[in-house]
Amino acid sequence: MNPKKMNSTLWYSLGLVLLLCVAFPVLAVGTTFARYRTDADYPLVFEVKENAKVYLGNITVLSEESESEKEEITFAEAETFSWQREGNTAALTLTVANGKTVTESEDKTIRVRLCVIGGAGLWQKDGTAEISLVLPAEEGSEEPETITATAKTINPGTILHSEYGDGWVFTFVDENGKELFWDLKGGEFSYVTFKITANVSQIENSSQLEYRVTAEVIE
């Protein structure tokens, strides 16, 4: 027998065995990895909420509502609102509407919420500053409704903290601690007017307060 041919055959056999030894664990690992990915795979459902469009501005009442006539108003958009001093109180008034004018409106009902953000530099005499929300008198009542805000610190790691940093968030809640909201009915011009008040005897600078309006389509 030819020794060279025998050696070639031997090396070929050894090489084939070595190749199979390397390929087998690779194939085994590949199969296990694929199975893991399949087992871990599950459907993801993303819910895309429709953006709610609201407009901030000022309402002017041209004539009051009566038994024979409806209230006549005008609405003018505004980009900024300033605090007005009223004795020991600073007040800011704004209207949130579902249209740019009284002849325009969104088709769907929009739910709005209001809160006030206060910077960490708010001067406090006793506890947090007193922030209140004054709402127009309801039908059958002559006195406006006043709701005192609940103050909480802005927690690190939250969206509010990333936007405003350290500070306070003042929310308006009902007797059960649920955050208040107002619905702007779709298909007609709807609005709500907010008057925010702050006790300036407890606050060095009212410009440290910012209002925040959030809106969502509910139907």
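This text goes with the structure placed above it.
This write-up is about the structure you can find in this document. These numbers were taken from a predicted model, which means no experiment stands behind them.

Before going further, it helps to examine the overall build of the chain. Across its full length, the chain holds two helices and twelve strands. Going residue by residue from the N terminus, the α and β elements of the chain occur as α-β-β-β-β-β-β-β-β-α-β-β-β-β. By residue count, 26% of the 219 residues in the chain fall in the buried class. In the chain, 69% of the contacts between residues at least 6 apart in sequence involve partners at least 24 apart. When the accessible surface of the chain is summed, it comes to about 15,500 Å², and 52% of that surface belongs to carbon and sulfur atoms.

With that settled, the discussion passes to the pairing of strand 6 (residues 131–135). The element strand 6 is largely enclosed, with a buried count of five among its five residues. Side-chain alternation along strand 6 places Ile131, Leu133 and Leu135 on one buried face and Ser132 and Val134 on a second face that is also buried. Pairing of strand 6 with strand 11 (residues 191–199), which is carried by four bridges, proceeds in the antiparallel orientation. In the sheet register, Val134 faces strand 11, and the bridge partner there is Lys195. Relative to strand 7 (residues 145–148), strand 6 runs antiparallel, the two sharing four bridges. Looking across to strand 7, one finds that Ser132 is bridged to Thr148.

Structurally, the position occupied by Lys195 is in strand 11. According to the relative accessible area criterion, Lys195 is partly exposed, its value standing at 28%. Excluding residues that lie within four positions of it along the chain, Lys195 makes contacts with Glu86, Ala91, Leu92, Thr93, Ser132, Leu133 and Val134.

Let us look at a negative patch on the surface. A cluster of acidic residues, Glu64, Glu65, Glu71 and Glu139, forms a negative patch at the surface. Among the structural elements, Glu65 can be located in the loop between strand 1 (55–63) and strand 2 (72–77).

Moving on: the pairing of strand 11. As defined by bridge partners, strand 4 (residues 89–97) adjoins strand 11 across nine bridges and the pair is classed as antiparallel. Its bridge partner lying in strand 11, Ala97 is registered against Tyr191.

Scoring rules and cut-offs
Residues numbered from 1 in each chain as written. Predicted model: local features only at pLDDT ≥ 70, side-chain atom pairs only at ≥ 80, totals over all residues. Heavy atoms only, no water. Helix = DSSP H or I, 4+ residues; strand = E, 2+ residues; numbered from the N terminus. Buried < 20%, exposed > 50% of the residue type's maximum accessible area, 1.4 Å probe, protein only. Contact = heavy atoms within 4.5 Å. Areas by Shrake-Rupley, 256 points an atom, 1.4 Å probe, with all protein chains shown as cover. Pairing = 2+ DSSP bridges. Patch = residues over 30% accessible without salt bridge, like charges linked within 9 Å, V, L, I, M, F, W, Y side chains within 5 Å. Salt bridge = Lys/Arg side-chain N within 4 Å of Asp/Glu carboxyl O. Lys, Arg positive; Asp, Glu negative; His and termini not counted. Charge placed at Lys NZ, Arg CZ, Asp CG, Glu CD.

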